[in-house]
Amino acid sequence: MPYSEDRSAWFEGQGLWQHVDESDWKDWAWQLKNRITKLEDLERYMTLTPDERAGVLFAGHKLAMAITPYFFNLIDRNNPNCPIRLQMIPRAGEGMLHAEEMLDSLGEDEHSPVPGLVHRYPDRVLFLVTDRCASYCRYCTRSRLVSNAQDYNFHPEYEQGLRYIEAHPEIRDVLLSGGDPLLLSDRKLDHLLGRLRAIKHVEFIRIGSRIPVFLPQRITPELCEILKKHGPIWMSIHVNHPKEATAELKTACERLSFAGVPLGNQSVLLKGVNDDADVMQALVHRLLRMRVRPYYLYQMDLITGGAHFKVDVRKGLEIIQALRGHTTGYAVPQYVIDAPGGGGKVPINPNYIETITDDEVVFKNYEGRTFRYPLTATPVAAGEQEKPVKLHEELHG
Ligand SMILES: *Cc1c(COP(=O)(O)O)cnc(C)c1O
Ligand code: SF4
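Residues numbered from 1 in each chain as written. Chains lettered and ligands numbered in written order. Predicted model: local features only at pLDDT ≥ 70, side-chain atom pairs only at ≥ 80, totals over all residues. Heavy atoms only, no water.

## A short note on the nonpolar core
Residues F72 and I165 are the most contacted members of the largest nonpolar core, which totals 95 residues. No fewer than three residues from each of domain 1 (15–95) and domain 2 (109–347) sit in this core. Those residues in contact with F72 that lie beyond four places of it in its chain are L16, W17, I36, L42, Y45, M46, I67 and R77. Counting residues in each nonpolar core, the second largest holds 11 residues, with A66, L145, V146 and F154 among its members. (Core = buried A, V, L, I, M, F, W, Y, C linked by side-chain atoms within 4.5 Å. Buried < 20%, exposed > 50% of the residue type's maximum accessible area, 1.4 Å probe, protein only. Domains from an automatic or database assignment. Contact = heavy atoms within 4.5 Å.)

So this is what it looks like as structure tokens:
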């Protein structure tokens with residue numbers, strides 16, 4: 001098996017952090033305090049390529065670099081193409097702008113009635129509660145505000161957001177995101193979830209978080225108690241490659257599941273990371289074994305300095321086609337493009353329909369065989385009418 005289930009980042013990291021007590025290693029505050037954020041730290045642990053070195057020097061102007069020791073341990077330091085490395089270590093491409101790219105590619109700011117609250121769809125809002133993450137993904141959609149490297153001056157203001165939600169009875173679904181909401185303290189999270197639960201018309205609360213992946217130590221029994229208390233709280237985690245699906249992540253997912261938190265996964269299609277049907281299949285199978293249902297596969301947004309991650313949409317379709325029918329239906333995520341400029345998420349699907357008329361739809365199955373489904377209801381001749389009755393009698397007496 002290329003990605004064995006029991007690989008643990010602790011085991012892989014003995015070489016680098018063997019001086020650290022296991023109790024420190026398992027403490028999320030220790031992990032955060034010891035994140036790799038500077039070029040000197042990084043170069044102490046690994047040899048960067050010239051492309052990466054230039055990227056790290058530029059990162060401070062775009063999106064800060066930060067990597068938890070736990071997640072850093074998953075990097076193959078001998079392989080510049082390691083899928084974890086590509087996601088975490090900046091490269092020179094981040095400084096290269098292209099005409100199609102935008103700072104706010106989803107037009108989120110235009111759809112924000114109050115700072116940090118995006119109200120794009122009729123019945124739900126995206127509530128950005130922090131600009132911090134445990135580690136920073138180099139392709140982040142919200143690079144403009146996350147980590148505040150671009151002086152965007154985003155200061156989450158919960159009170160304004162909560163008041164807006166309270167005043168809008170059409171909002172039945174609140175998605176907490178950021179940044180990463182699970183970086184808030186237990187106390188703050190408890191308060192925020194309590195306030196949302198107290199709003200009668202809010203019937204669905206969910207959290208988008210990459211903390212279980214970057215910092216599984218944060219999924220403590222105390223945190224799970226809070227999520228349980230305010231439940232049902234749904235959660236979308238963010239895993240892109242099977243290497244991220246460690247024993248630690250599995251434990252974190254189990255704790256969340258057992259606290260009654262249904263788990264979904266969002267992946268971003270990234271060049272060199274997961275633009276491959278076998279990698280994606282390994283990932284989705286791994287996720288199901290961790291009680292996580294693949295939810296969305298995103299075409300990457302048109303963020304500034306993101307072109308080196310861009311994958312052809314036809315490749316994405318090919319991956320979905322390689323999954324659908326060939327494996328468990330639960331394992332297949334919905335491939336979407338979040339429409340540039342702010343049109344919302346649009347499903348992008350392989351085309352199984354060959355023709356569709358008033359009479360019939362002609363379509364292909366997963367093997368490429370053609371089938372027909374008639375849309376008509378043609379009466380049969382009088383003498384033939386008894387056939388179904390007879391057949392029924394034969395079968396059921
Ligand atoms: C993604 C998103 C949502 C949630 O969309 P679902 O398809 O319901 O998961 C809501 N608001 C905004 C602005 C979003 O970007
Ligand atoms: S965890 Fe999410 S919000 Fe944070 S850097 Fe990664 S993609 Fe961006």
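## Structural notes on the packing of helix α14 (residues 277–289) against helix α15 (residues 313–323)
For the pair α14 and α15, interaxial distance at closest approach is 9 Å and the crossing angle is 55°. By the angle between their axes, α14 is oblique relative to α15. The handedness of the crossing between α14 and α15 is right-handed. Residue-level contacts link A277, M280, Q281 and V284 of α14 to I319, A322 and L323 of α15. Tallied by class, the residues present in the contact of α14 with α15 amount to 6 nonpolar, 1 polar and no charged. (Axes fitted to C-alpha atoms, helices over the stretch in contact; angles between N-to-C directions. Helix = DSSP H or I, 4+ residues; strand = E, 2+ residues; numbered from the N terminus. Parallel < 35°, antiparallel > 145°, perpendicular 65-115°, else oblique. Left-handed = near helix turned anticlockwise from the far one by under 90°. Nonpolar A, V, L, I, M, F, W, Y, C, P; charged D, E, K, R; others polar.)

## Focus on the site of ligand 2
What surrounds ligand 2 is the set C133, Y136, C137, C140, G179, R210, F214 and H238. For the shell around ligand 2, a count of residues per class yields 5 nonpolar, 2 polar and 1 charged. (Near = heavy atom within 4 Å.)

## Description of helix α13 (residues 247–258)
Compared with an ideal rise of 1.5 Å per residue, which puts 12 residues at 16 Å, α13 spans 16 Å between its outermost C-alpha atoms and is within 8% of the ideal. A side-chain oxygen of the first residue of α13 lies 3.3 Å from the backbone nitrogen of E248; this N-cap is T246. Just downstream of α13 lies G260, where phi reads positive at about 85°. (Expected span 1.5 Å × (residues − 1). Polar contact = N/O pair within 3.5 Å; in protein donor to acceptor, adjacent residues only side chain to side chain.)

## Observations concerning the domain arrangement of the protein chain
We note that the domain assignment places domain 1 (15–95), domain 2 (109–347) and domain 3 (353–396) within the protein chain. A separation of 22 Å is found between the C-alpha centroids of domain 1 and domain 2. Contact between domain 1 and domain 2 buries roughly 2800 Å² in total, counting both sides, with carbon and sulfur atoms accounting for 59%. Joining domain 1 to domain 2, the criterion identifies 1 salt bridge. Our enumeration of links across domain 1 and domain 2 arrives at 16 residue pairs in polar contact (both at pLDDT 80 or more). Sorting the residues of the side of domain 1 that touches domain 2 by element identifies α4 (28–33), α7 (69–72) and α8 (83–88) as the ones contributing at least two each. When residues in the side of domain 1 that touches domain 2 are grouped by element, the largest group, 5 residues, is from α8. Taken together, the residues of the side of domain 1 that touches domain 2 sort by class into 20 nonpolar, 7 polar and 7 charged. (Buried area = accessible area lost by both parts, 1.4 Å probe. Salt bridge = Lys/Arg side-chain N within 4 Å of Asp/Glu carboxyl O.)

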